[in-house]
Amino acid sequence: MTTDMNGFAGRLKRRENGGMISGWVGIPDPMLVNHLAQEDFDTIVLDMQHGMWNMESAANGIAHVRLAGKPAIARIPVGDFASASRLLDAGASAIIAPMINSADDARALVQATKYPPLGERSWGPSLALNHFGLPAEDYLQSANSLTVTIAMVETRMALDAIDEILAVDGIDGIFVGPSDLSIALSNGARLAPDSAAIDQALATALARCRAHGKVICAFGGDGDRAGQYLKLGLDLVIAGTETAQLRAGARTALEAARKGAES
């Protein structure tokens with residue numbers, strides 16, 4: 001499915017087709033991104049927090065996603081707001097920033113991802129101009145609405161401050177990280193991203209996002225969990241990592257081969 005990549009922000013906010021499903025890639029190989037982008041994902045996230053992407057490979061990965069006619073999203077390392085600006089310059093349509101725990105954190109993120117009057121993003125979108133197909137002046141006037149700034153909510157502190165985070169002008173929505181949130185809510189006792197406590201936190205976060213008119217996204221460990229999130233009403237979900245999908249595909253092929261040899 002080819003999407004209108006430059007209409008990504010509007011499609012996300014309108015929750016078209018019942019919400020978006022994104023791929024997730026941590027292996028820094030643009031060719032791998034190319035393969036996944038040909039599938040029916042609405043977008044692809046390049047994970048620079050726990051993945052091995054650097055700026056050069058990420059720029060190439062963004063190009064492969066956009067050549068497939070889809071928007072690219074990048075998750076930056078914790079606090080690396082300078083990279084957020086550079087990834088937008090490289091043509092990313094959205095930035096996911098981990099560990100945004102307060103309104104001050106959210107404002108710092110906006111400073112790097114939005115042009116004045118919302119933020120202080122520096123001018124230099126050479127690749128973005130190519131990818132978006134816009135003259136410089138048009139890009140300047142539309143970039144704040146074309147690109148999406150997403151704050152990750154994954155700690156007790158962030159949950160407590162969710163209204164303050166969502167109230168920051170320039171924050172377009174939040175991304176719930178169930179794994180870190182489950183660790184935080186259990187005081188380090190459990191890794192339980194599919195637990196009832198996470199479901200309750202998601203329902204609360206969804207209600208607050210709707211109250212503020214902002215979008216909500218979350219990481220699902222697999223397609224079933226992603227489907228549950230969409231049914232709940234989330235706007236964008238992850239249907240597992242590329243490594244999990246690669247290994248699951250390999251296991252399926254091996255099981256089929258063994259079964260065929262025995263029959």
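Calculation notes
Residues numbered from 1 in each chain as written. Predicted model: local features only at pLDDT ≥ 70, side-chain atom pairs only at ≥ 80, totals over all residues. Heavy atoms only, no water. Helix = DSSP H or I, 4+ residues; strand = E, 2+ residues; numbered from the N terminus. Polar contact = N/O pair within 3.5 Å; in protein donor to acceptor, adjacent residues only side chain to side chain. Contact = heavy atoms within 4.5 Å. UniProt positions renumbered as here; feature names shortened; annotations may be inferred. Buried < 20%, exposed > 50% of the residue type's maximum accessible area, 1.4 Å probe, protein only. Pairing = 2+ DSSP bridges. Right-handed = clockwise from strand over helix to strand, strands pointing away. Axes fitted to C-alpha atoms, helices over the stretch in contact; angles between N-to-C directions. Parallel < 35°, antiparallel > 145°, perpendicular 65-115°, else oblique. Left-handed = near helix turned anticlockwise from the far one by under 90°. Phe/Tyr/Trp six-rings, centres within 6.5 Å; stacked < 30°, edge-to-face > 60°. Lys NZ or Arg CZ within 6 Å of the ring centre and 35° of its normal.

Our next topic: the side chain of Arg 121. Along the chain, Arg 121 falls in the loop between helix 5 (103-113) and helix 6 (126-132). At 3.0 Å, the side chain of Arg 121 and the side chain of Asp 89 are in polar contact. For Arg 121, the contacting residues outside a window of four places in its chain are Ser 85, Leu 88, Asp 89, Gln 111, Ala 112, Thr 113, Lys 114, Tyr 115, Pro 116, Tyr 139 and Ala 143.

On to the UniProt feature "domain: HpcH/HpaI aldolase/citrate lyase" (unreviewed entry) in the protein. When the UniProt feature table is mapped onto this chain numbering, "domain: HpcH/HpaI aldolase/citrate lyase" (unreviewed entry) sits at residues 24-246. The span residues 24-246 is 49% helical and 16% strand by assignment, and the distance between its end C-alpha atoms comes to 12 Å.

The next thing to look at is the pairing of strand 3 (residues 72-75). Burial along strand 3 is two-sided: Ala 72 and Ala 74 and Ile 73 and Arg 75, pointing in opposite directions, are all buried. One ladder, built from four bridges, connects strand 2 (residues 43-47) with strand 3; its direction is parallel. Bridging from a neighbouring strand, Asp 47 pairs with Arg 75 of strand 3. Note that the unit made of strand 2, helix 3 (residues 55-67) and strand 3 has a crossover that is right-handed. When strand 3 meets strand 4 (residues 94-97), the two strands line up parallel, connected through three bridges. Paired with Ala 74 across the two strands is Ile 95, which belongs to strand 4. Once the chain exits strand 3 it traverses helix 4 (residues 81-89) before rejoining the sheet at strand 4, and the crossover so formed is right-handed.

Here we take up the packing of helix 2 (residues 30-37) against helix 3. The contact between helix 2 and helix 3 brings their axes to 8 Å, and the two run at 20°. Between helix 2 and helix 3, the angle is such that the two are roughly parallel. Every pair of crossing elements has a handedness; the one defined by helix 2 and helix 3 is right-handed. Of helix 3, the residues touching helix 2 (which contributes Pro 30, Met 31, Val 33, Asn 34 and Ala 37) are Ser 57, Asn 60, Gly 61, His 64 and Val 65.

Time to look at the packing of aromatic side chains. The final tally for this structure, using the stated rule, is six aromatic pairs. Between Trp 24 and Phe 219, the aromatic rings sit 5.1 Å apart at their centres with planes inclined by 85°, giving edge-to-face as the arrangement. Taken together, the residues Trp 24 in strand 1 (residues 20-25) and Phe 219 in strand 7 (residues 215-220) connect sequence positions 195 residues apart. Using a relative accessible area of 4% as the deciding quantity, one classes Trp 24 as buried. Given the relative accessible area of 21%, Phe 219 is considered partly exposed. With a centroid separation of 5.6 Å and an interplanar angle of 40°, the aromatic rings of Tyr 115 and Trp 123 are classed as tilted. Look at Trp 123 and you get partly exposed, because its relative accessible area is 45%. Counting every residue linked through ring pairs, the aromatic cluster contains Tyr 115, Trp 123, Phe 132 and Tyr 139. One Lys or Arg, Arg 66, reaches over the ring of Phe 132 and ends 4.3 Å from the middle of that ring.

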